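# What the coordinates show
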Amino acid sequence: MRGRLVLLSIILGLWALLFVFQNFFNTFWASVALVVAMSTYCIYMYVAFKHQVRKLRKHPPVINHDYKPFITIMIPAHNEGIVIKNTVENITTVDYDNYELILIDDRSEDNTAEVIKQIAEEHPNIKYLIREKDAFPGKSAVLNDALKMAKGEAILVFDADARIKPDFIKNLLPKLEPEDVGAVQARKVISNRNDNFLTRCQDNEMALDTHFQIGRDAVKGAVELRGNGELIKRKALEDIGGWNNYTITDDLDMSTRMQIKGWDIRFCPEVSVYEEGVMKIVPLIRQRRRWIEGSIRRYLENFWAVLFSKDMSLRVSLDMTAYICEFILPFWFFSEIGFQIFRYIKYDENQVLSSLALSVLIFFFFWTGLLYSLRKYNYLKPMENLRQSFETCVYLLVLWFPIVTFIVFKIIFTKKTMDWGKTQHGTAKEQEPALV
């Protein structure tokens, strides 16, 4: 209820601001100011990243090869009988000896539990947990249950479709070692990017996310965990009370709560975790609906803690504020268009054309980010980069803006539900990515 009131207050404040600008100023320039502010912050992150690169070249970090904490690898699985065995075979090739592996069946309705038991029989060093059918649902609850039997000083979480290279853990550990670092996130890559238009756009979207995560890491901002390929110190986990059972995005919720407590989260672009992209539009919308709703709700539910945290750094607070603009911008845009159309219908003075021009400005903002990201991280040639950046930008705006606006109204007018929107794995044409 408190989060609903906070969001409603933000929306009413935004509408009041738009009303003032509608009647006394040109709201187009207010929207431009928001986009310019976001662009300026992106430039700031890019400059910080370049400075970080030059600094590391002059003074390469000293890697402590003796830092080898005991790690518990957790792989939760819900109806993952098709993919779980291949995932375990891949994960167990990791070039690191000091670990244990726990497989968790979360109330599956297929043969996942039987497959997990068979894997454990073939590999006696692998533990497993079969949750009861009436157990509390959700990935957070799954991980909390497994944490009770885990012995690791650090917890490494993978999705049931994850694929990694053997040096995955060794390359992540140096960034986890500092005392103030609570977790490290690997770069996410779509393994079946060439299956269709949607999977290609999702991989390009992950490249853009890599670009922003690197920037946030460079400014020591609010780097976020992504659920798959996250390595977390047990000390940090216990400090925040484990995973939140009442969130639909365990990773994003944990990121915010860790930062409120003063823990730093690092991003490691040199290490990748490969996962399946969603191949059909309806499951994709369902997945993104969960991501967006969970992301907005974690800010609303931790609103006061974020404002008054004594442990959160100013840089993290400012970065978090800048990131929230991603959710304000779509609602701002549709509200602006709606107000202008209403004035047009009433034959009042309006700036419909200038407001529509805002869409071009927003498109250019995301397009430039994609042009850089796809060239830098997906190594696309110039003409192919232009084409894929354009189509991915259209994909992002068509998907992102309506869903954000829908979720805003959903949070305000409906009760909170624990609807995870399960992503189906094992449907990709490319089951085994080339890990190069």
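The structure reproduced in this document is the subject of the present report.

Cut-off values and rules
- Residues numbered from 1 in each chain as written.
- Predicted model: local features only at pLDDT ≥ 70, side-chain atom pairs only at ≥ 80, totals over all residues.
- Heavy atoms only, no water.
- Pairing = 2+ DSSP bridges.
- Helix = DSSP H or I, 4+ residues; strand = E, 2+ residues; numbered from the N terminus.
- Axes fitted to C-alpha atoms, helices over the stretch in contact; angles between N-to-C directions.
- Contact = heavy atoms within 4.5 Å.
- Phe/Tyr/Trp six-rings, centres within 6.5 Å; stacked < 30°, edge-to-face > 60°.
- Buried < 20%, exposed > 50% of the residue type's maximum accessible area, 1.4 Å probe, protein only.
- Left-handed = near helix turned anticlockwise from the far one by under 90°.
- Nonpolar A, V, L, I, M, F, W, Y, C, P; charged D, E, K, R; others polar.
- Salt bridge = Lys/Arg side-chain N within 4 Å of Asp/Glu carboxyl O.

## Description of the sheet that holds strand β7 (residues 264–275)
In sheet architecture, strand pairing relies on hydrogen bonds along the backbone and comes in two forms, parallel and antiparallel. Read from one edge of the open sheet, seven strands run β3-β2-β1-β4-β6-β5-β7, paired in mixed fashion. With one partner strand each, in any of the chains shown, β3 (126–130) and β7 form the two edges of the open sheet. Between one strand axis and the next, the sheet turns through 20 degrees on average, direction left out of account. Two elements, strand β2 (residues 99–105) and β3, share five bridges in a ladder whose sense is parallel. From the neighbouring strand, I104 faces β3, where its bridge partner is L129. Where helix α3 (residues 84–91) meets the sheet, it contacts β1 (71–77), β2 and β3, and its direction lies at approximately 165 degrees from that of β1. Each of β1, β4 (154–157), β5 (181–190), β6 (230–233) and β7 is contacted by helix α6 (residues 168–176), which is oriented at about 170 degrees to β7, the strand it contacts most.

## A few points about the packing of aromatic side chains
Tallied over the entire structure, the rule returns 13 aromatic pairs. Ring geometry for F158 versus F168: centroids 5.4 Å apart, planes at 55 degrees, classification tilted. With F158 in the loop between β4 and α6 and F168 in helix α6, this pair connects stretches of sequence that are ten residues apart. Accessibility classification places F158 together with F168 in one group, the buried group. Measuring from ring centre to ring centre gives 6.3 Å for W367 and F390, while their planes differ by 85 degrees; the resulting arrangement is edge-to-face. Pair noted here: W367 is in helix α13 (residues 352–377) and F390 is in helix α14 (residues 382–413), with a separation of 23 residues, a long-range link. Judged by relative accessible area, W367 falls into the partly exposed class, the value being 22%. For F390, a relative accessible area of 43% gives the class partly exposed.

## Digging into the pairing of β1
For β1, the tally of buried residues reaches seven of seven residues, placing the bulk of the element in the interior. Alternating residues of β1 divide into I71, I73, I75 and A77 and T72, M74 and P76, and every residue in both groups is buried. Sheet topology places β1 next to β2; seven bridges connect them, and they run parallel. Directly across from T72, in β2, lies its bridge partner E100. Examined bridge by bridge, β1 and β4 share four bridges and lie parallel to one another. The residue bridging I73 from the neighbouring strand is L156, located in β4.

## Considering the packing of α3 against helix α4 (residues 112–122)
Relative to each other, α3 and α4 sit at 30 degrees, their axes nearing to 10 Å. Viewed along their axes, α3 and α4 form a crossing whose handedness is right-handed. Residue-level inspection shows I84, K85 and V88 of α3 in contact with α4, the latter providing V115, I116, Q118, I119 and E122. The residue inventory of the contact of α3 with α4, partitioned by class, reads five nonpolar, one polar and two charged.

## What to know about the side chain of S373
Tracing the backbone shows S373 in helix α13. The class of S373 is buried, set by a relative accessible area of 0%. Those residues in contact with S373 that sit more than four places away from it in its chain are A207, L208, H211 and N378.

## Here's the deal with the side chain of Q287
Turning to its location among the elements, Q287 is positioned in helix α10 (residues 281–301). The class of Q287 is buried, set by a relative accessible area of 8%. With residues near it in sequence (within four places) discarded, Q287 still touches V278 and T423.

## Focus: the pairing of β5
Taken across its ten residues, β5 has ten buried, putting it largely inside the fold. Where β5 and β7 come together, nine bridges link them in parallel fashion. Paired with R187 across the bridge in β7 is S272. Where β5 lies against β6, three bridges are found, and the strand directions are antiparallel. Within the sheet, the bridge partner assigned to Q185 lies in β6 and is E230.

## Brief notes about the pattern of salt bridges
Inspection of the entire model under this criterion finds 27 salt bridges. For D95, the salt bridge identified is with K170, shortest N-O distance 3.1 Å. Highlighted residues: D95 in the loop between α3 and β2 and K170 in helix α6, separated in sequence by 75 residues. R266 is paired through a salt bridge with D217; the nearest N and O atoms lie 2.7 Å apart. Of the two residues, R266 is situated in strand β7 and D217 in helix α7 (residues 197–218); the sequence distance between them amounts to 49 residues. Here R266 and D217 have matching classes, each one buried. Each member of the salt-bridge network shares a partner with another, and the members are D209, R216, E224, R226, R298 and D319.

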